[in-house]
Amino acid sequence: MQSKLRLVVACAVLTPPLVYVAVWAFGQAQVDWRYKLAGLSDAFLGRPAPEMSVIIGLALTVIIGVAALVTGLVRRRRHRPTDLAGRVLGWSWLLLLIAGWGGYVTGGATVVAAGGPIDARANMHWEFGTPLNSSADVPGTCRSVLGQAETVAEVQPDVLGLPGIHLRNVVSGKPESRVGSAPGAVAGFYPEGSAVFEPPNVPERPKPYLVQAGVPPSPLPFVNAYNYRVTTINDSHLSGTAYLTGTRFSQPYVSSEHWVDLTIPNDPWPPTYDLTVTWTCQASST
C-alpha cells in the first residue's frame, strides 16, 4: 500500500513539469518551422530557426545526461532504490528529455504537414492618378499565408520598379495593410541594363540620381521617387484592391551622399499622387 502511494505521489510530482516542457517545446517547434517554411528563419538576426533550437536542445541534453549520470553514481553508492516509485524518480531526467524532444518533433510535424506558403500567378492592374491619369497591366505573384493556400499574404509585381502589397503576415496571417519597397527602389540601384517599369504619361524632367562615393549614378524612375502608404484595402479571397497615396521623399541628411534633381523649380512631378492597384490571383492547384 505504501509503495503504491509513493508511486502516485511520484507521478503527481513529475506530471506538471513534463507536460509544461512538452507543451513549450511543441509551441517553440511550431514557431521555428513556420519561419523556416516561410523562408524567414535566421538565428543571426534573432529570428526563430529550427537549427538553433536543435543545437541548444542537444547541448541541454548532454548537460542533463551528464548531470543525471553523476547523480546516479552518487545515489548508487549510498543506496539503490528498489521500489517502482524510486526507479521512476531516478529516471525523471530521461522522461524530461522524452517530453521535450517529443513535443518538439510533434510540433514541427504539424507545421510541415500543413504546408508552407504557396506562390501563384497574379494579374495586376495599376491606375496612376493625376498628373499621369494612365494605367498599366503587369504580371505578378501572390503568396499565401503559411498553411492557408487560399489566403493571400502578399502580392508582388514581376517587374522591376513597382512595390509589393502586403495584406497579412506570411507566418502568422495577422493583417498588415502596408506597401513594400521595390528592390533597389530608394536609390534606383537596379542591375545594369535591366528593364525598369515606367508608367505611361510620366511628365518629362531630368531624372533624379544619387551621388554616392564609389557607386555610379543611376536614374530614379517616377514610381520610386515616392514613399507609399495604404489608405484602404478591399480584400476578397483571391482578389482585391489597394488604394495608395504616394508622397515624394526628401533629401536624406547624410553627408557622404546627395541627390541631384530630386526636386526642381516648377517640378512637374507632384508632391503627392494617388495610386490604385487591383489584383486577381490564380487558385492554387495543390
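Residues numbered from 1 in each chain as written. Predicted model: local features only at pLDDT ≥ 70, side-chain atom pairs only at ≥ 80, totals over all residues. Heavy atoms only, no water.

### Description of a nonpolar patch on the surface
Nonpolar side chains collect at one region of the surface, where Met52, Ile55, Ile56, Leu60 and Ile63 lie side by side and expose about 480 Å² of accessible area between them. Secondary-structure assignment places isoleucine 56 in helix α2 (residues 50–78). (Patch = residues over 30% accessible without salt bridge, like charges linked within 9 Å, V, L, I, M, F, W, Y side chains within 5 Å. Areas by Shrake-Rupley, 256 points an atom, 1.4 Å probe, with all protein chains shown as cover. Salt bridge = Lys/Arg side-chain N within 4 Å of Asp/Glu carboxyl O. Helix = DSSP H or I, 4+ residues; strand = E, 2+ residues; numbered from the N terminus.)

### Things to note about the packing of aromatic side chains
Applying the stated rule across the entire model yields eight aromatic pairs. Between the aromatic rings of phenylalanine 222 and tyrosine 226, the centroid separation amounts to 5.1 Å while the plane-to-plane angle is 55°, which identifies the pairing as tilted. Consider the rings of tyrosine 226 and tyrosine 228, whose centres lie 6.4 Å apart with planes at 40°: the pair is tilted. Of the aromatic side chains, those joined through ring pairs into one cluster are Phe222, Tyr226, Tyr228, Trp269 and Tyr273. When the ring centre of tryptophan 269 is taken as origin, the NZ or CZ atom of arginine 205, which lies over that ring, is 4.7 Å away. Positioned above the aromatic ring of tyrosine 226, the side-chain terminus of arginine 248 is 5.7 Å from the ring centre. (Phe/Tyr/Trp six-rings, centres within 6.5 Å; stacked < 30°, edge-to-face > 60°. Lys NZ or Arg CZ within 6 Å of the ring centre and 35° of its normal.)

### Things to note about the nonpolar core
Counting 35 residues, the largest nonpolar core has Trp126, Phe128, Leu244, Tyr273, Leu275 and Trp279 as its most contacted members. When contributions to this core are tallied by element, the ones reaching two or more residues are β1 (119–128), β2 (134–145), β3 (148–157), β4 (164–168), β7 (226–236), β8 (239–248) and β10 (272–281). Residue contributions to this core peak at five residues, all from β10. If we ignore the near neighbours within four places in the chain, the residues touching leucine 275 are Trp126, Glu127, Phe128, Tyr228, Ala242, Tyr243 and Leu244. With seven residues, the next largest nonpolar core counts Val111, Val145, Val170 and Val171 among its residues. (Core = buried A, V, L, I, M, F, W, Y, C linked by side-chain atoms within 4.5 Å. Buried < 20%, exposed > 50% of the residue type's maximum accessible area, 1.4 Å probe, protein only. Contact = heavy atoms within 4.5 Å.)

### So, helix α4 (residues 92–114)
Its 23 residues give α4 an end-to-end C-alpha distance of 33 Å, which sits within 8% of 33 Å, the value for a rise of 1.5 Å per residue. Downstream of α4 by one or two residues, glycine 115 has phi in the positive range, about 95°. (Expected span 1.5 Å × (residues − 1).)

### Focus on the sheet that holds β1
If you walk across this open sheet you meet the eight strands as β5-β4-β3-β2-β1-β10-β8-β7, and the pairing is antiparallel. Each having just a single partner strand, β5 (175–180) and β7 make up the two edges of the open sheet. On average, each strand axis in the sheet is inclined to that of its neighbour by 25°, with strand direction left out of account. (Pairing = 2+ DSSP bridges. Axes fitted to C-alpha atoms, helices over the stretch in contact; angles between N-to-C directions.)

### A short note on the pairing of β8
Most of β8 sits out of view: seven of its 10 residues are buried. In terms of strand pairing, β8 meets β10 through nine bridges, oriented antiparallel. What sits directly across from glycine 246, in β10, is tyrosine 273.

Coordinates in, geometry out; function isn't part of it.
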